[in-house]
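Architecture and fold: a report
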Amino acid sequence: MKNAQQLLEELNTLDEHVSIEAKTASDVGKSIMETVCAFANEPRLGGGYLLLGVSAVSNSFWPMYEPVGVPNPDQLQQDLATQCTQQCSMYRFDLNYPLNESAKKLLS
């Protein structure tokens, strides 16, 4: 399993990735759950990584992402697990401990 720093580096190297989705995510909304469902229903992909607390860098020649952090990572983790439990009949929820980069917490 990759950690948040590895995912961010890979995303910045490749820009788009079939198994990594980056979101600013201050809460678990429709967009995050759509991504979870897409990962769960994609044949032969084996799931994916959801990297929360990052944003696209504006005015960058090459698409880049930077940490912006999530306001309450513990609550966000709990809300995501609850939503997955309620909306999915089966799920696997592997959680990497938040990356603390310059006091900005990311979840992957």
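This paragraph deals with the overall build of the protein chain. When its secondary structure is counted, the protein chain shows 3 helices and 6 strands. Tracing the protein chain from N to C terminus, the helices and strands come up as α-β-α-β-β-β-α-β-β. When each of the 108 residues of the protein chain is scored for burial, the buried share is 33%. Contacts in the protein chain between residues far apart in sequence, at least 24 positions, make up 62% of those at least 6 positions apart.

A few words on the pattern of salt bridges. Taken as a whole, this structure holds 3 salt bridges when the rule is applied. Two residues, Lys 30 and Glu 34, come together in a salt bridge whose shortest N-O distance is 3.9 Å. Taken together, the residues Lys 30 and Glu 34, both in helix H2 (residues 30-41) and 4 residues apart, mark about one turn of the helix. For Lys 30, a relative accessible area of 65% corresponds to the exposed category. Glu 34 gets classed as partly exposed once you look at its relative accessible area, which sits at 46%.

What follows covers the environment of Asp 15. Here Asp 15 lies in the loop between helix H1 (4-14) and strand E1 (20-23). Asp 15 sits in the buried class, given a relative accessible area of 17%. Separated by 48 residues in the primary sequence, Asp 15 and Pro 63 have C-alpha atoms spaced 6.0 Å apart. Setting aside anything within four residues of it in sequence, one finds Asp 15 in contact with Glu 10, Trp 62, Pro 63 and Tyr 65.

Rules behind the numbers
Residues numbered from 1 in each chain as written. Predicted model: local features only at pLDDT ≥ 70, side-chain atom pairs only at ≥ 80, totals over all residues. Heavy atoms only, no water. Helix = DSSP H or I, 4+ residues; strand = E, 2+ residues; numbered from the N terminus. Buried < 20%, exposed > 50% of the residue type's maximum accessible area, 1.4 Å probe, protein only. Contact = heavy atoms within 4.5 Å. Salt bridge = Lys/Arg side-chain N within 4 Å of Asp/Glu carboxyl O.

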